[in-house]
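Given next are the chains, with one letter for each unit.
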Amino acid sequence: MAFTAFSVVFIQCKKKEVQSTQSNVEIDYKALDETPVSGYTRILVDESVYPIANEVNEIFMYEYNRVKVDLVRKSEGEVLNMLMNDSIRVAVLPRKLTDKEVEHFKGRVKPKMTHFATDAIVFVTSKVFNDSIIDYEQVLSNLQKPNSEQRGNHILVFDNVNSSIVSTFKEKANVKEFAKDYAYFGGDTESVIDYVSKNSDAIGVIGLNWLTQPTVELEEKLAQLKVLSVKNVKDGKYYKPSQNNIAEGTYPLIRDLYVVDIQGKSGLGVGYASYIAGYKGQRIVLKSNLVPFKVPPRELNVRKEI
């Protein structure tokens, strides 16, 4: 929301202010020794979960003003390729590494995987779309059908052909490619939202985080969209991707978020992972309407008199 964008600007301004009061010389982060709370690094972020990673990072850098972390936003396929090639050694992903991917690092480093939140994949449409519910199993079946007459008159719009969302749907549908006249790729989440807001027959498939922490530029377009309730095959009921439904597991399209660290040292990967999984980071996750790995306890002030 607008508050999120304002808070980021405020934090950035405050950080510069703190640095200027401490020293007249701008900090050269790359010249600092990298520790969990100092130095410079880059972190890869799966595009579908970028908003939460970015918000935590801004506050992390504000609290530790000798830290500079640049987030590199990529599709899941690109993130994994860069990790495997040691281009960047820390990443935020909506899943753990597979056994095969972990095996790739055997003899060099043991990947650390820190679970910090649970997210959801959501279906969004324009407000004039005929339905307010969707059958996920039917969607998977449609992705397998070569005949467009069997699928109805709507289309699915995904973020990127190499995204984590697309790989999830390919795995669940047991297909290598989607039917070309049924599934389209916008390039990124902003493009999906833009397309769906202008086309009444389109169903966008995106990460929930983009709805709960939108940029200022996206807010107007999101006001033109609605989120579909998804059928849970276990009880036949339809559920919205609310924080409560995600926590209880009644919403059927949920996924766990991880910080993956293959630095092999106590660097900023450890610092960022510890922060996002710690008390302050978990409160940020909770306020973002995702489900934190550890729900922060509520602090109550008890008084004898009112």
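Remember, it's a predicted structure, so these values are computed and weren't measured experimentally.

Rules of the game
Residues numbered from 1 in each chain as written. Predicted model: local features only at pLDDT ≥ 70, side-chain atom pairs only at ≥ 80, totals over all residues. Heavy atoms only, no water. Buried < 20%, exposed > 50% of the residue type's maximum accessible area, 1.4 Å probe, protein only. Helix = DSSP H or I, 4+ residues; strand = E, 2+ residues; numbered from the N terminus. Core = buried A, V, L, I, M, F, W, Y, C linked by side-chain atoms within 4.5 Å. Contact = heavy atoms within 4.5 Å. Axes fitted to C-alpha atoms, helices over the stretch in contact; angles between N-to-C directions. Parallel < 35°, antiparallel > 145°, perpendicular 65-115°, else oblique. Nonpolar A, V, L, I, M, F, W, Y, C, P; charged D, E, K, R; others polar. Polar contact = N/O pair within 3.5 Å; in protein donor to acceptor, adjacent residues only side chain to side chain. pLDDT = per-residue confidence, 0-100. Salt bridge = Lys/Arg side-chain N within 4 Å of Asp/Glu carboxyl O. Arc of directions from axis to C-beta. Phe/Tyr/Trp six-rings, centres within 6.5 Å; stacked < 30°, edge-to-face > 60°. Lys NZ or Arg CZ within 6 Å of the ring centre and 35° of its normal. Pairing = 2+ DSSP bridges.

Three or more residues of helix H6 (residues 164–173) are buried, namely Ser164, Ile165, Val166, Phe169, Lys170 and Ala173. After H6 finishes, the residue Asn174 shows a positive phi value of roughly 60°.

Let's shift gears to the nonpolar core. Core analysis: the biggest nonpolar cluster contains 70 residues, and Val92, Phe123, Leu143, Phe158, Phe169 and Tyr272 have the highest contact counts within it. Sorting elements by how many residues they give to this core places strand S4 (residues 112–126) first, with seven residues. If sequence neighbours within four positions are ignored, Tyr272 has contacts with Ile43, Ala53, Val56, Asn57, Phe60, Val92 and Val259. Core analysis: the second largest hydrophobic core is formed by 16 residues, Val72, Leu80, Val109 and Tyr258 among them.

This next bit is on the packing of helix H11 (residues 268–277) against helix H12 (residues 279–287). The N-to-C vectors of H11 and H12 enclose an angle of 60°; their axes lie 4 Å apart at closest approach. What the angle tells us is that H11 and H12 run oblique. Facing H11, whose interface residues are Tyr275, Ile276 and Ala277, H12 presents Tyr279, Lys280, Gly281, Gln282 and Ile284. A per-class count over the contact of H11 with H12 returns five nonpolar, two polar and one charged.

We now examine the side chain of Ser48. For Ser48, the position within the fold is in the loop between strand S1 (39–46) and helix H2 (50–63). Within the structure, Ser48 has its side chain in polar contact with the side chain of Asp46 (distance 2.6 Å). Of the polar contacts made by the side chain of Ser48, one reaches the side chain of Ser164; its length is 3.4 Å.

What follows is about the confidence of the model for the protein. Taken residue by residue, the protein gives an average pLDDT of 89. The fraction at 70 or more is 86%. Across residues 16–23 the pLDDT falls below 50, and counting only partners more than four positions away or on other chains, this stretch makes five contacts in the model.

Take the environment of Ile52 next. Mapped onto the elements, Ile52 comes out in helix H2. Residue classification places Ile52 among the buried residues on the basis of a relative accessible area of 0%. For the pair Ile52 and Thr212, spaced 160 residues apart in the sequence, the C-alpha separation amounts to 9.3 Å. Once residues lying within four places of it in the same chain are set aside, the contact partners of Ile52 are Asn209, Gln213, Leu257, Ile284, Val285, Ser288 and Leu290.

So, about the pattern of salt bridges. Inspection of the entire model under this criterion finds 13 salt bridges. For Arg73, the salt bridge is made with Glu47, and the minimal N-O distance between the two is 3.0 Å. Here Arg73, found in strand S2 (residues 67–74), pairs with Glu47, found in the loop between S1 and H2; they are 26 residues apart in sequence, far enough to count as distant. A cluster of three or more residues bridged by salt bridges with shared partners is formed by Glu47, Arg73 and Glu190.

On to unusual backbone geometry. A positive phi angle is found at Asp86, which is not glycine, with a value near 60°. Even without a glycine there, the phi angle at Asn174 is positive, about 60°. Judged by relative accessible area, which is 69%, Asn174 ranks as exposed.

What helix H5 (residues 136–144) keeps buried is the set Tyr136, Val139, Leu140, Asn142 and Leu143. Take H5 and look down its axis: the buried residues cluster within an arc of 160°, on one side only. For H5, the secondary structure elements touched by its buried residues are S4, strand S5 (133–134), strand S6 (155–158), H6, strand S7 (183–185) and strand S10 (229–231).

Okay, the packing of aromatic side chains next. A full pass over the atoms with the stated rule returns ten aromatic pairs. Plain terms: the ring middles of Phe123 and Phe169 are 6.1 Å apart, the flat faces sit at 80° to each other, and that makes the pair edge-to-face. Placement of the pair is Phe123 in strand S4 and Phe169 in helix H6, with a sequence separation of 46 residues. Both rings, one in Phe178 and one in Phe185, keep their centres 6.4 Å apart while their planes meet at 15°; by these two values the pair is stacked. An aromatic cluster is defined as three or more aromatic residues linked by ring pairs; in this entry it consists of Phe123, Tyr136, Phe158, Phe169, Phe178 and Phe185. The aromatic ring of Tyr50 is capped on one face by Arg73, whose charged end is 5.5 Å from the ring centroid. We note Lys170 situated over the ring of Phe178; from NZ or CZ to the ring centre the distance is 5.9 Å.

Attention now moves to the pairing of strand S3 (residues 90–93). Remember that side chains alternate between the two faces of the sheet whenever the strand is regular. Of the two faces of S3, the one carrying Val90 and Val92 and the one carrying Ala91 and Leu93 are both buried. In terms of strand pairing, S1 meets S3 through two bridges, oriented parallel. By the bridge assignment, Leu44 is partnered in S3 with Ala91.

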